[in-house]
Amino acid sequence: MPRQTQQHLELGPAEPGGLADRAIGPSTECVGQAQDVAVQDDRLVVQKLTSLEQLYREAKAEGGSLIVYAGGDTATQQDGNKAAFEKAFPGITLDIVVDYSKFHDARIDNQLTTGTLVPDVVQLQTLQDFSRWKREGVLRCYKPAGFSRVHPAFKAPDGAWTGIFVDAFSAIYNVDKAGTTPPTSARDLLDPRWKGKIVSTFPNDDDAVLYLYKVIVDKYGWDWLRRFVAQDIAWVRGTQEPADRVEAGTAAVALGTDGMLTPADGVRTRFVLPKNDPFMAWAQRAAIFKNAKHPAAAKLYLNWWLDKQTQTDFYMWSVRTDVAPHAGYRPIWDYPNANVNGFDTFMADRALVERFRQQLTLYVGEVTGAPSPGWLGLHPGRR
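Because the structure is a prediction, the values reported are computed rather than measured.

Visitor: An account of the overall build of the protein chain is needed here, citing residue identities and associated values.
Guide: Along the backbone of the protein chain there are 13 helices and 12 strands. By the burial criterion, 57% of the 383 residues in the protein chain qualify as buried. Expressed as a percentage of contacts within the protein chain between residues at least 6 apart in sequence, the contacts between residues at least 24 apart total 78%.

Dropping the structure here:
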C-alpha cells in the first residue's frame, strides 16, 4: 500500500460529540473459543451497548498503548494512520509494525506456538490466515460500530475478522512521461515505446501482485508474460518502490501497485482502472487476538477504521456499503473485472498459488534484493 498515495483522516481530539462519544450500539463478543458454537448458543454471546468514550477510558486504563502488525512495504508506510489515530485519541500510543504479510503471518504463528504473542491487532493481505486462526480459536470475535454496513464479502459474520479498507492493484503511470496515450490494458504494456520504462514488484514475492499476473496470464496467455519480460522490466521488492519511481518520473509505468483514485494536487501518478482487462482488489482483513494485552485499545482501533469519515477519506475504496466511492467510480463490488472473490479463492488454494509462482519464476527469475521493510526478526514491537 504505497505511502505517498495515502490520504489520512485528520480527526480532532476526542471530545463530547466527537468520534469518541458516538454510541457503538449492540455488538457481540465471543466468549468461547469458537464463534461457530456461540452463534448456535446465545448463552455464549455477550450483548454490549457502550460508547467509544467508554472504550477510550478503558484503553487508557489498560496502559494507553496498542501494537498492530500491518502488512506493507516500508517502516514508515503507516505513519499517517498512526498520527491520525493518536490525534483522535490523545493518550493512546499506537505502534504499527510494517512488514510483508507473508513474514508477519509466519511470525505470528511462531509467537502463538511459543507463547510470545506481541500484536494486539493484525491486518494483512494473506486472507487465508484469518479463517485458519479463527478455527484455531486464537481470534477475539468483535463487531465494531458500522460492522453491519460492511459488505458481506468483506467480513466474517461472527466478527472474527473484518475488512478495513479495499486496496486494488493494476498499472499506474506518470502523466508527464506517458503523454497523451497512456496504457489502458496489459496488452498496451507490450508496446515497444515502454521498453526500459516499466517497473514492477517481483510477482513471485507478493501474492497480491502474483494474482494480478495470474488474471492477466489467464486472459492473454503465457506468451504475454514472455513478451512483457522482454520489455526490460525493472524488478523490485515491495509495492512502494514502483509507486515512488513513477511519481518521481524515473519510471513511466508500473505494474502491480495502487494509486489515488482522486489524485491530490501536484501528484503526477494516475491509477489505471481497466474497462475490460482484469485487475485485482481485496479488502485488507483485520482481527483482534483473543489474548491481546490491550483489548479495549484494539476495539477502539477497529471502530476508528470503520468510522464513516475514515472510510470516506481512504484513497481507494471503502468496505462499507453506505459510503459513496470517489467521484467517477462505482463501488468495487460493481467491477466484475476486479476479481475480488477470485483473490480470496486463490489465496485459499495454496497448491495453486505455488504452482503458478514456480511457473512464473521461470520467466521472471528468482527474487533478489533485501526485503524493503528490512529484516525485523521474531518479535518486532515487543516492549
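Visitor: Summarise the pattern of salt bridges; cite the residues concerned and give the values.
Guide: The full count for this structure, using the stated rule, is 22 salt bridges. When the shortest N-O distance is used, the salt bridge between Glu 53 and Arg 57 registers 4.0 Å. On the criterion of helical spacing, the pair formed by Glu 53 and Arg 57 is a turn pair, its members being four residues apart in helix 2 (residues 52–61). In this structure, Arg 320 engages Asp 322 in a salt bridge whose closest nitrogen and oxygen atoms are separated by 2.9 Å.

Visitor: So what's going on with unusual backbone geometry? Which residues, and what values?
Guide: Phi is positive for Asp 232, close to 55°, though the residue is something other than glycine. Tracing the backbone through its elements, the reader meets Asp 232 in the loop between helix 8 (222–229) and strand 9 (234–236).

Visitor: An account of the packing of aromatic side chains is needed here, citing residue identities and associated values.
Guide: For the coordinates displayed, the defined rule picks out 30 aromatic pairs. Aromatic side chains Phe 169 and Trp 282 sit 5.1 Å apart centroid to centroid with 80° between the ring planes, which places their arrangement in the edge-to-face category. Here Phe 169, found in strand 7 (residues 162–174), pairs with Trp 282, found in strand 12 (residues 280–289); they are 113 residues apart in sequence, far enough to count as distant. Taking relative accessible area as the criterion, Phe 169 reaches 2% and is therefore assigned buried. With 6.2 Å between their ring centres and 65° between their planes, Tyr 213 and Trp 224 make a pair best called edge-to-face. Of this pair, Tyr 213 sits in helix 7 (residues 207–220) while Trp 224 sits in helix 8, placing them 11 residues apart in sequence. Summarising the burial analysis for this pair, Tyr 213 and Trp 224 share the class buried. Joined through ring pairs, the aromatic side chains of Tyr 56, Phe 85, Phe 89, Phe 165, Tyr 301, Trp 304, Trp 305, Phe 314 and Tyr 315 make up one cluster. The cationic tip of Arg 285 hangs over the ring face of Trp 161; the distance from NZ or CZ to the ring centre is 3.7 Å.

Visitor: Describe the side chain of Asp 207, with residues and values.
Guide: Relative to the helices and strands, Asp 207 is located in helix 7. Only 2.8 Å separates the side chain of Asp 207 from the side chain of Arg 350, close enough to count as a polar contact. Setting aside residues up to four positions removed in sequence, Asp 207 forms contacts with Gln 125, Phe 343, Phe 346, Met 347, Arg 350, Val 353 and Arg 357.

Visitor: Could you give an account of the nonpolar core, naming the residues involved and the relevant values?
Guide: Counting residues in hydrophobic clusters, the biggest one holds 98 residues, and the most contacted among them are Tyr 213, Trp 224, Phe 228, Tyr 301 and Ile 332. For this core, the element with the most residues is helix 7, which contributes 10 residues. Setting aside anything within four residues of it in sequence, one finds Ile 332 in contact with Phe 154, Val 166, Phe 279, Ala 281, Trp 317, Ala 338 and Val 340. Formed by 18 residues, the second largest nonpolar core is a distinct cluster that contains Tyr 69, Val 118, Ala 160 and Trp 161.

Visitor: Can you break down the confidence of the model for the protein chain residue by residue, with the values?
Guide: Confidence along the protein chain averages 90 in pLDDT terms, with 87% of residues attaining 70 or more. Note that pLDDT drops below 50 for residues 3–18; the model gives that stretch 49 contacts with residues more than four away or on any other chain. Predicted confidence is poor over residues 31–49, with pLDDT under 50, and the contacts of this stretch with residues over four places away or in other chains come to 33 contacts.

Visitor: Tell me about helix 8, and please be specific about residues and values.
Guide: Considered for burial, the residues of helix 8 that qualify are Trp 224, Leu 225 and Phe 228. Considered in projection along helix 8, the buried side chains sweep an arc of 95° and stay on one side of the axis.

Visitor: Explain the packing of helix 7 against helix 13 (residues 350–364) residue by residue, including any values.
Guide: Put simply, helix 7 and helix 13 touch, their axes get as near as 11 Å, and they point 75° apart. In terms of axis orientation, helix 7 runs roughly perpendicular to helix 13. Between helix 7 and helix 13, the contacting residues are Asp 207, Leu 210, Tyr 213, Lys 214 and Val 217 on the first element and Arg 350, Leu 352, Val 353, Phe 356, Arg 357 and Leu 360 on the second.

Visitor: Can you break down the packing of helix 8 against helix 13 residue by residue, with the values?
Guide: It is the contact of helix 8 with helix 13, at a shortest axis distance of 9 Å, that shows an interaxial angle of 35°. Along this stretch, helix 8 crosses helix 13, giving a crossing that reads as right-handed. Every residue of helix 13 that contacts helix 8 at Trp 222, Leu 225, Arg 226 and Val 229 is listed here: Phe 356, Gln 359, Leu 360, Tyr 363 and Val 364.

Visitor: Can you tell me about the pairing of strand 10 (residues 253–257), naming the residues and giving the values?
Guide: Here strand 10 lies mainly inside the structure; five of its five residues are buried. Here four bridges tie strand 7 to strand 10, and the two strands are oriented antiparallel to one another. Residue pairing for strand 10: Ser 170 is matched across the bridge by Thr 257. Where strand 8 (residues 198–201) lies against strand 10, three bridges are found, and the strand directions are parallel. For Ser 200, the partnering residue across the bridge sits in strand 10 and is Leu 255.

Visitor: Describe helix 2, with residues and values.
Guide: Within helix 2, the full set of buried residues consists of Leu 52, Leu 55, Tyr 56 and Ala 59. Along helix 2, the residues classed as buried sweep out an arc of 105° about the axis, all on the same side. In this structure, the buried residues of helix 2 make contact with helix 10 (295–306). Looking at the residues trailing helix 2, positive phi occurs at Gly 63, about 130°.

Rules behind the numbers
Residues numbered from 1 in each chain as written. Predicted model: local features only at pLDDT ≥ 70, side-chain atom pairs only at ≥ 80, totals over all residues. Heavy atoms only, no water. Helix = DSSP H or I, 4+ residues; strand = E, 2+ residues; numbered from the N terminus. Buried < 20%, exposed > 50% of the residue type's maximum accessible area, 1.4 Å probe, protein only. Contact = heavy atoms within 4.5 Å. Salt bridge = Lys/Arg side-chain N within 4 Å of Asp/Glu carboxyl O. Phe/Tyr/Trp six-rings, centres within 6.5 Å; stacked < 30°, edge-to-face > 60°. Lys NZ or Arg CZ within 6 Å of the ring centre and 35° of its normal. Polar contact = N/O pair within 3.5 Å; in protein donor to acceptor, adjacent residues only side chain to side chain. Core = buried A, V, L, I, M, F, W, Y, C linked by side-chain atoms within 4.5 Å. pLDDT = per-residue confidence, 0-100. Arc of directions from axis to C-beta. Axes fitted to C-alpha atoms, helices over the stretch in contact; angles between N-to-C directions. Parallel < 35°, antiparallel > 145°, perpendicular 65-115°, else oblique. Left-handed = near helix turned anticlockwise from the far one by under 90°. Pairing = 2+ DSSP bridges.

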